[in-house]
Amino acid sequence: MAESFSTLPLRVNPDRMLDSFTQLAFIAATADGGVNRPTFSDGHLAARKWFKEEIEKSGLEFRTDGAGNHSAFLPASVIGSGQQAPLAKTLLLGSHLDSVPNGGRFDGALGVMAALEVLKTVKENRINLKSRTEPSRSVNLEAIDFTDEEGTLVGLLGSAALAGHLSQKDLASPRGGRDQLVEGMARAGLSDASMLSAARPKDSLAGYLELHIEQGKRLERAGIDIGIVSAIVGIWSYRLSFIGRADHAGSTTMDDRLDASLGASAFTLAAREMVMMGFPDCVVNVGKMDFAPGAFNIVPARADLALEFRSPDEDEFNRLDAALLELARKEAGRFGLEMRIEFLGKHSPSMMNETMQTAFATACDDLGLTHVSLSSGAGHDGQSLADLCPVGMIFVPSVDGASHSPREFTKWDDCVNGANVLLQAVLRLAG
Ligand code: HGY
Ligand code: MN
Ligand code: MN
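Now for a look at the structure at hand. Just so you know, these numbers come straight off a predicted model, no measurement behind them.

Turning our eyes to something else, we now look at the sheet that holds strand β10 (residues 338-347). Taken together, four strands build an open sheet; the order of strands is β8-β9-β7-β10 and the sheet is antiparallel. Strands at the two margins of the open sheet, each flanked by one partner only, are β8 (283-292) and β10. Put simply, the sheet's adjacent strands are angled 15° from each other on average, direction ignored. In this sheet, strand β9 (residues 302-311) lies alongside β8 in antiparallel orientation, the contact comprising nine bridges. Pairing of V284 across the sheet is with F309, part of β9. Against the sheet, helix α9 (residues 260-278) engages β7 (234-243), β8 and β9, with an angle of about 175° to β8. Against the sheet, helix α10 (residues 314-334) contacts β7, β8, β9 and β10, and its axis sits at roughly 10° relative to β7.

Shown next as structure tokens:
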């Protein structure tokens, strides 16, 4: 016998969400199905503008802050009176609309569109959300697009600003370059001062929930619908500069060169070896290597490396940090090069909240979806907020684990599953 309608768990409107997602995917779309929306690029500014218009069209309140975070806001109303509840806490849902250069159309975008769809669903069903801990108090609901999650400029910028973790020091030597940050902020009408003004009052958030693609192969391989995130890795960034001497590439004998490319290359290969052999839970990446002056017929005088490494454990980070910097100095010495090391910032590993994980697991069970606990090898805005409020995250499968590439793809049914789990978790946490 079919279940009576009232016991079926409430679901999002998949067609409406697909429509929003598709419109967004066309903004700064690349020919091969990806998007190119690095923070405050034309494409990213266009996506933020579209999001604002989408929020206003749906009758939700648009909000923004000094960090350029953009939100849809559904204010709590005191049950029965219809009056807004000025002291209500806010349950925050979201992700990010910025992308890596030539990235995929799901990373971040899916989470923001699902969050927006949850607000639309709660609003049209006239559900008044109540605090679990203080049932007499209502809860606001907010869907947020965090500024510069990807670190084109700083990394987890909007969420760090909202959480009050951002300092002038973070803005002074960001991994994307100070000049690029100042220019980007100016394009968005922001400044150091506005960034630092974006901190929310410490106890204003009831929690933060994020839906994201897994960006790995575990869910797909296991045939499981939902990953419930247990912890998020930390990320440390450096700029390493190997300094040699420019010489004529033809008339300088091979044994008489101070070739910066040799130190850079030897370090990159040795770092990979060291991490695979000695730090199995960690990863290391040299995402960019720039030679200067940079011509066919000049021995490279300088090699600048964008170094990033990740660990789930703070103690291991310190050991890995020391080992990598010692390795860099050693390889520089091997080729007679000077070594310059510039620290560009770090995000600590963070544990996800148990109550949030349980709410997600129960939501999956109610929806008949399989789930498994997973750690996240990718960084996410939740790690900025984990010391401010309870944070929870879920993943949906990535086809072939592809991400940060136009190959990124998640089946629409899986996207809808994720949005329904997000909705059900919200109702369970504040329904
Ligand atoms: O780099 C990351 O881990 C994330 O995609 N920002
Ligand atoms: Mn992301
Ligand atoms: Mn990403």
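On to the pairing of strand β3 (residues 89-95), then. The buried fraction of β3 amounts to six of the seven residues, a majority that puts the element mostly inside the structure. Sheet topology note: the β3/strand β4 (residues 139-145) ladder contains seven bridges and is parallel. Bridge pairing in β4 places G94 opposite I144. Here four bridges tie β3 to strand β5 (residues 205-213), and the two strands are oriented parallel to one another. Bridged to L92 within β5 is Y208.

Donor atoms from the polypeptide that coordinate the manganese ion (ligand 2) comprise H96 (NE2), D107 (OD) and H212 (NE2), at 2.1 to 2.2 Å from the metal. Binding-site remark: the manganese ion (ligand 2) is held by donors from one chain whose sequence spacing is H-x10-D-x104-H. Separating the manganese ion (ligand 2) from the manganese ion (ligand 3) is a distance of 3.4 Å, and D107 supplies a donor atom to each of them. Placement of H96 in the loop between β3 and α3 (109-124) and of H212 in strand β5 is noted, with a sequence separation of 116 residues between them. The residues H96 and H212 share a single accessibility class, namely buried.

In this fold, G287 is placed in strand β8. On the basis of relative accessibility, which here comes to 58%, the residue G287 falls in the exposed class. Along the primary structure G287 and L305 are separated by 18 residues, whereas in three dimensions their C-alpha atoms are 7.5 Å apart.

Once that is clear, we can look at the packing of aromatic side chains. All told, the structure shown has ten aromatic pairs when counted by the stated rule. Ring geometry for F21 and F106: centres 5.0 Å apart, planes at 40°, overall tilted. With F21 in helix α1 (residues 14-25) and F106 in the loop between β3 and α3, this pair connects stretches of sequence that are 85 residues apart. An identical accessibility class is assigned to F21 and F106; each is buried. Considering the side-chain rings of W236 and F309, the 5.9 Å spacing of their centres and the 50° angle between planes classify their relative orientation as tilted. With W236 in strand β7 and F309 in strand β9, this pair connects stretches of sequence that are 73 residues apart. When sorted by exposure, W236 lands in the same class as F309, which is buried. Among the aromatic residues, ring-to-ring pairing joins W236, Y238, F309, F317 and F343 into one connected group. In this structure, R63 packs its charged tip against the face of F73, placed 3.5 Å from the ring centre.

Bringing the site of ligand 1 into the picture now. Every residue lining ligand 1 is accounted for by E149, E150, R310, A378, G379 and H404. Contact distances for ligand 1 include 2.7 Å between an oxygen atom and a backbone N or O atom of G379. Contact with the protein chains removes 92% of the 220 Å² of surface that ligand 1 exposes when unbound. In terms of residue class, the shell around ligand 1 is built from one nonpolar, two polar and three charged.

This part takes up the side chain of Q357. Tracing the backbone through its elements, the reader meets Q357 in helix α11 (residues 354-367). Other than its neighbours up to four places away in sequence, Q357 contacts I228, V229, S230, M352 and S373.

With that out of the way, let us pick up α11. With 14 residues, α11 extends 20 Å between its outermost C-alpha atoms, agreeing within 8% with the 20 Å of an ideal straight helix rising 1.5 Å per residue. Where α11 is buried, its residues meet β5, β6 (226-232), β12 (371-376), β13 (391-396) and α13 (412-430). Once α11 finishes, G368 follows within two positions and takes phi at roughly 70°, a positive value.

Going through the model one piece at a time under the given rule, you end up with 24 salt bridges. Of the charged contacts in the structure, one is a salt bridge between R334 and E331, with a shortest N-O distance of 2.8 Å. Pair noted here: R334 and E331 are both in helix α10, with a separation of three residues, about one helical turn. Overall, the relative accessible area of 55% leaves R334 in the exposed class. We classify E331 as buried; its relative accessible area is 4%. What emerges from the salt-bridge pattern is a single network uniting R16, E117 and E124.

What counts, and at which threshold
- Residues numbered from 1 in each chain as written.
- Chains lettered and ligands numbered in written order.
- Predicted model: local features only at pLDDT ≥ 70, side-chain atom pairs only at ≥ 80, totals over all residues.
- Heavy atoms only, no water.
- Pairing = 2+ DSSP bridges.
- Helix = DSSP H or I, 4+ residues; strand = E, 2+ residues; numbered from the N terminus.
- Axes fitted to C-alpha atoms, helices over the stretch in contact; angles between N-to-C directions.
- Contact = heavy atoms within 4.5 Å.
- Buried < 20%, exposed > 50% of the residue type's maximum accessible area, 1.4 Å probe, protein only.
- Donors = N, O, S within 2.8 Å, 3.2 Å for Na, K, Ca; no water.
- Phe/Tyr/Trp six-rings, centres within 6.5 Å; stacked < 30°, edge-to-face > 60°.
- Lys NZ or Arg CZ within 6 Å of the ring centre and 35° of its normal.
- Near = heavy atom within 4 Å.
- Polar contact = N/O pair within 3.5 Å; in protein donor to acceptor, adjacent residues only side chain to side chain.
- Areas by Shrake-Rupley, 256 points an atom, 1.4 Å probe, with all protein chains shown as cover.
- Nonpolar A, V, L, I, M, F, W, Y, C, P; charged D, E, K, R; others polar.
- Expected span 1.5 Å × (residues − 1).
- Salt bridge = Lys/Arg side-chain N within 4 Å of Asp/Glu carboxyl O.

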